[in-house]
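A structural walkthrough
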Number of protein chains: 2
Amino acid sequence: MDEFELIRRYFNRDSMIAGADVGIGDDGAVLTPDASKQQVQVIDTLVEGVHFPHATDAADIAYRAVAVNLSDIAAMGAHPRWMTLALTLRNLDEQWVESFASGLFEAADKYGVGLIGGDTTRGPAVTVTVAITGEVEAGEALLRSGAQVGDEIYVTGTLGDAAAGLRTLQADTPDDFLLARFLRPTPRIEAGRALVGSATAAIDVSDGLAGDVSKLLNASGVGAEIDIEKLPLSTAIQARFSITEQQQLALLGGDDYELCFTAAPDVVSGISGITRIGRVTESVGLCCRLNGDVVEVDSSGYRHFQ
Amino acid sequence: MDEFELIRRYFNRDSMIAGADVGIGDDGAVLTPDASKQQVQVIDTLVEGVHFPHATDAADIAYRAVAVNLSDIAAMGAHPRWMTLALTLRNLDEQWVESFASGLFEAADKYGVGLIGGDTTRGPAVTVTVAITGEVEAGEALLRSGAQVGDEIYVTGTLGDAAAGLRTLQADTPDDFLLARFLRPTPRIEAGRALVGSATAAIDVSDGLAGDVSKLLNASGVGAEIDIEKLPLSTAIQARFSITEQQQLALLGGDDYELCFTAAPDVVSGISGITRIGRVTESVGLCCRLNGDVVEVDSSGYRHFQ
């Protein structure tokens, strides 16, 4: 089976995709955007052995590739429309491709994004690049740059689970819940949409909360305090790790794909599943406090100031 | 220097990009599409050692990655607007990245496409995925599926040069002109735009003329005859290869990134730089003729029928 037949068989479903006048099979896709909206475009790559372990199930790789891109769409307050896929494979294993396609469409269907095109190539490592186009009300995209002194800082869901899940896998005692949080992150599309018009700034937590909050602060030209003891923790992470480990994973572990956002006090109180973790300040940079005491945070964790 | 600083320094130029309200640096780019147009989206990946030799200059890799994607935009009759880049590197070599960025922006500036976002990752091979969004008049995109019996078949430029260039490189007698045709293909944006409203079908020649024409014929549900002796050949290929080699390279060599299109007789006579190479017929499939005689074509070349 050659590349073209492979693509036809597994990726080219006969279903109509709204707004896509031409999909897979021509030199490019032809789309009719909503003329009243702005577009949001994101692109992200996952590389075997770097972003996921070599033994990862093909369906999970695909699901995760779609989900992490949808997380960027969520962080902009957009709703997802169309997706393209650039897939590099070591060899043409039909069963692997079938599994990959099932995970891809599971995520795509769940969040309403249509696959409109792609490219399949060979290479020395499985490399998955997904690009997604979303739409947002004109002028309403959530940026990193709008945080104001006096705003409160919130996150969705719980933090640290994905990094904790990887750690249980590496220790050969995988925790199903925590590992699923790594393999199949939940893009917070609904929360992102609810924040349009309410949040002043937003970012998704992909590299770790401390680092990602710092990017938001830099973009906004403000500082912040975060209360480590307020970071939301799942019961699963609490059952497997010490309180210090939990907090370090929540503060520094990557791959959570939760949203971190800022809003004026009480503006977002109607949104469920969010936790207030700190506040925007005038002083430059991020200050972390543990039960009120300032602690110093670096890539190895946090420690109390001398 | 970490990844973020690298991106800022080499890829985030301070120039405004028309229609891009937010570019590099947030979770996604925010775009305002032209409400009267349709969009064309394309994506293509180049892998080191597969799509270009390991020793290829970083600037050439980048130029080529942009050009081959622009070629798909050209084949749809669109004009390019915005581009995202997913770049996987073996290691962070600042000089390499600087050279890569120079080649990327050389191609981007030449054809008027703006870099609005991207992702940089590590992996075992240099892998470059470019995604481009173009715009086209509503309902006017050039598809593969519109060829009509009685149409004539045309190509832009000359054929076989890129494959010939690779062959001179492999023989350690590189021909500068032919190699440049491989490393820095010319996306036929202008020709594609001129064909809107005139051509009935179009495709870009990336896998080899015979194979790509066959895809166009399949999509259109028609057949065709091609006259091998009419395939346009550069003086450089004529100087280095036998006539049979020239014709085989022109018919089967990939990476030309010329346009092949169909149009009713005399409709496109005002367009310069194109050559008529055959005609659309009722009979299924592609029939190749050499000086009138039917020849059989497969991946190893052509031979006269028994």
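Higher on the page you've got the structure.
Residues numbered from 1 in each chain as written. Chains lettered and ligands numbered in written order. Predicted model: local features only at pLDDT ≥ 70, side-chain atom pairs only at ≥ 80, totals over all residues. Heavy atoms only, no water.

**Some thoughts on helix H5 (residues 176-183) of chain A**
An α-helical turn contains 3.6 residues, so a residue and the one three or four places further along point in the same direction. Among all positions in H5(A), only A:Leu178, A:Leu179, A:Arg181, A:Phe182 and A:Leu183 are buried. Where H5(A) is buried, its residues contact helix H2 (58-75), helix H4 (161-170) and helix H8 (235-240) of chain A. (Buried < 20%, exposed > 50% of the residue type's maximum accessible area, 1.4 Å probe, protein only. Helix = DSSP H or I, 4+ residues; strand = E, 2+ residues; numbered from the N terminus. Contact = heavy atoms within 4.5 Å.)

**A word on the interface of chain A and chain B**
Between chain A and chain B, the contact holds 52 residues from the first and 52 residues from the second. Its largest share of buried area at the contact with chain B, chain A owes to A:Asp27, A:Gln41 and A:Ile43, together 19% of the area lost on that side. Across the chain A-chain B interface, the total number found is 4 salt bridges. Here B:Asp26 ties to A:Arg144 by a salt bridge, and the two come within 3.8 Å at their closest N and O atoms. Counting across the chain A and chain B interface gives 19 residue pairs in polar contact (both at pLDDT 80 or more). For the side of chain A that touches chain B, the elements supplying multiple residues, two or more each, are strand S1 (20-22), strand S2 (29-31), strand S3 (37-47), H2, strand S4 (79-89), strand S5 (114-122), strand S6 (127-137) and strand S8 (201-204) of chain A. Considering each element in turn, the side of chain A that touches chain B owes the most residues, 10 residues, to S3(A). Split into classes, the residues belonging to the side of chain A that touches chain B amount to 24 nonpolar, 16 polar and 12 charged. Note that S3(A) and strand S2 (residues 29-31) of chain B share 3 bridges and pair antiparallel. (Buried area = accessible area lost by both parts, 1.4 Å probe. Salt bridge = Lys/Arg side-chain N within 4 Å of Asp/Glu carboxyl O. Polar contact = N/O pair within 3.5 Å; in protein donor to acceptor, adjacent residues only side chain to side chain. Nonpolar A, V, L, I, M, F, W, Y, C, P; charged D, E, K, R; others polar. Pairing = 2+ DSSP bridges.)

**Section: the relation of the copies chain A and chain B**
Mapping chain A onto chain B calls for a screw motion: a turn of 180° about the axis and a shift of 0.0 Å along it, with 0.0 Å RMSD after fitting. Between the two chains, the operation in question is that of a two-fold axis. For chain A, the smallest separation between a C-alpha atom and the rotation axis is recorded for A:Ala35, amounting to 2.4 Å. The overlap is high: 100% of the interface residues of chain A also sit at the interface in chain B, so the same surface is used on both sides. (Least-squares fit on C-alpha atoms with pLDDT ≥ 70 in both.)

Shape descriptors only; they carry no functional weight alone.
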